[in-house]
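So the chains spell out like this:
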Amino acid sequence: MSASSGADAPLLSTVLHDLHVELGAKMVPFAGYDMPVQYPAGIMAEHLHTRAAAGLFDVSHMGQVRIRAESFTAAAAAVERLCPADFQALKPGQQRYSFFTDNSGGILDDLMVTRMGAGDDRDHLFMVVNAGCKEADIAHLKANLGARCEIEVLADRSLVALQGPQAAAVFARLAPDSAKLKFMNGGAMKAAGFDVIATRSGYTGEDGFEISVANSDILAFTKKLLAEPEVKPIGLGARDSLRLEAGLCLYGNDITEKTNPVEANLVWAMQKRRREEGGFPGAGIVQRLLADGPSRLRVGILPEGKAPARAHTEITDAGGRVIGEVTSGGFGPSLGAPLAMGYVDKAHASVGTSVNLMVRGKALPAKIAAMPFVAHRYQR
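We now turn to the structure provided with this report. (Residues numbered from 1 in each chain as written. Predicted model: local features only at pLDDT ≥ 70, side-chain atom pairs only at ≥ 80, totals over all residues. Heavy atoms only, no water.)

## With respect to the overall build of the protein chain
Each helix and strand counted, the protein chain has nine helices and 19 strands in total. The dimensions of the protein chain, computed from C-alpha atoms along their principal axes, are 60 × 50 × 40 Å. When contacts within the protein chain are restricted to residue pairs at least 6 apart in sequence, long-range pairs at least 24 apart make up 66% of them. Separation of charge centres in the protein chain, based on 40 positive and 41 negative side chains, amounts to 4 Å. (Helix = DSSP H or I, 4+ residues; strand = E, 2+ residues; numbered from the N terminus. Contact = heavy atoms within 4.5 Å. Lys, Arg positive; Asp, Glu negative; His and termini not counted. Charge placed at Lys NZ, Arg CZ, Asp CG, Glu CD.)

## A few points about the pairing of strand 17 (residues 337–345)
Where burial is concerned, most of strand 17 is hidden: seven out of the nine residues are buried. When strand 14 (residues 296–303) meets strand 17, the two strands line up antiparallel, connected through six bridges. Across the sheet, the residue bridging to Ile301 is Ala340, located in strand 17. Note: strand 16 (residues 322–332) against strand 17, eight bridges, orientation antiparallel. The residue of strand 17 that forms the bridge with Glu325 is Tyr343. (Buried < 20%, exposed > 50% of the residue type's maximum accessible area, 1.4 Å probe, protein only. Pairing = 2+ DSSP bridges.)

## Here's the deal with helix 4 (residues 134–145)
Across its twelve residues, helix 4 extends 16 Å between first and last C-alpha, which sits within 8% of the 16 Å expected from 1.5 Å per residue. Every buried residue belonging to helix 4 is among Lys134, Asp137, Ile138, His140, Leu141 and Leu145, and all of these are buried. End-on view of helix 4: buried residues confined to an arc of 155 degrees, all on one side of the axis. Exposed residues lying more than 90 degrees from the buried face of helix 4 are Glu135, Ala136 and Ala143. (Expected span 1.5 Å × (residues − 1). Arc of directions from axis to C-beta.)

## Some remarks on the nonpolar core
Tyr97, Phe99, Ile107, Ile255 and Leu266 are the most contacted members of the largest nonpolar core, which totals 25 residues. Elements with a contribution of two residues or more to this core: strand 5 (95–101), strand 6 (107–116) and helix 9 (283–292). No other element matches helix 9, which puts three residues into this core. Excluding its chain neighbours within four sequence positions, the residues that come into contact with Tyr97 are Asp110, Leu111, Met112, Met184, Ile255, Leu266, Trp268 and Ala269. Val160, Val170, Ala175 and Phe221 belong to the second largest nonpolar core, which has 24 residues in total. (Core = buried A, V, L, I, M, F, W, Y, C linked by side-chain atoms within 4.5 Å.)

## Some words on the packing of helix 2 (residues 43–52) against helix 7 (residues 236–245)
Orientation of helix 2 relative to helix 7, taken along the N-to-C sense of each, is 55 degrees, at an axis distance of 8 Å. One finds that helix 2 runs oblique with respect to helix 7. As for the relative orientation of helix 2 and helix 7, their crossing is right-handed in sense. Two secondary-structure elements touch here, helix 2 through Ile43, Glu46, His47, Thr50 and Arg51 and helix 7 through Gly237, Ala238, Ser241, Leu242 and Glu245. By residue class, the composition of the contact of helix 2 with helix 7 is three nonpolar, four polar and three charged. (Axes fitted to C-alpha atoms, helices over the stretch in contact; angles between N-to-C directions. Parallel < 35°, antiparallel > 145°, perpendicular 65-115°, else oblique. Left-handed = near helix turned anticlockwise from the far one by under 90°. Nonpolar A, V, L, I, M, F, W, Y, C, P; charged D, E, K, R; others polar.)

## Here's the deal with the environment of Gly300
By secondary structure assignment, the location of Gly300 is in strand 14. Judged by its relative accessible area of 2%, Gly300 falls in the buried class. Note: C-alpha distance between Gly300 and Gly117 (183 residues apart in sequence) is 38 Å. The residues contacting Gly300, other than those within four sequence positions of it, are Ala340, Met341, Lys367, Ile368, Ala369, Met371 and Phe373.

## Re the pattern of salt bridges
Evaluated as defined, the whole model comprises 21 salt bridges. Two residues, Asp123 and Arg115, come together in a salt bridge whose shortest N-O distance is 2.8 Å. Neither residue differs from the other here; Asp123 and Arg115 are each classed as buried. Its salt-bridge partner being Glu230, residue Arg173 comes within 2.4 Å of it at the nearest N-O pair. Of the two residues, Arg173 is situated in helix 5 (residues 167–174) and Glu230 in the loop between helix 6 (215–226) and strand 13 (231–233); the sequence distance between them amounts to 57 residues. (Salt bridge = Lys/Arg side-chain N within 4 Å of Asp/Glu carboxyl O.)

Keep in mind that these numbers describe shape and distance, not what the molecule does.
Following this line, the structure appears as structure tokens:
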């Protein structure tokens, strides 16, 4: 999920735009699209409903790409030239979280990649990238891999996310094959009579699915999901508070081209072979940071009062010295308290360390906290 967008470009719409308006959504510009930030129930109610039952999110603004080569191994090896993940080791249906890096080891975008197919050389990679970065990402793929891979932009497909503890039961009614999936696995299947691509993944910390559907079918499919008693539509406001409680990064805020995977605490997304062999942009810098340690780290932060600290709030030590900055912050409805994440000097990154947040010129006490703030409930 990316917060960046072009301010002067005309807003685009997803296929579900009119349905959002019909449902009473408040629409706002986001990543170049006119998107629902909330429905009449409000962000707090939408957030808590997703934690208790099942929320449905329109994420069709994100980019979907199919990458093919002469063999699956060739396609996976090609994408490894741009990302530090081990894609060659993917089993059929397995998904990985990864990111594009630049020559400085900075993060150009984060993304999800799934091996699609029956487990032979005809398999391909299905990639989902952030809305605000997708034009640059697609250009990046074509410029660097176009000579060895077929890069197919799936502009004829929409994407929705069904998230929450009752999401699996709901989706199994429409797509019985979905019950076989575990976290970070996916595949093509029938759902409510439609051909879909579903992965058991999401951006809330809850169990759930991201479901790719043909544009021609998405309205009817979405209405079928919303007809299920556990399901309610959820906007971008609750999507943001849910991911923050889950300790998940927002591209453009918590990770950017000015942050690297080591300081962002994303080393887990770089499998051992890739960390050791390198072969991706900025690999030498990333390997040096792995060996020597970064100067700062992404951390969770819990303010001690009720006032939230927003992005760009300065973080100081007891003596008033600036030691970092908040990159995301707000109120956590499930937590019942404000929360934030950001970067601090490594010396102040230990859980329990006391810091101050400079909110409206006042130093508000806070502590470095473990993430996620609300436990993940993935079905592994």
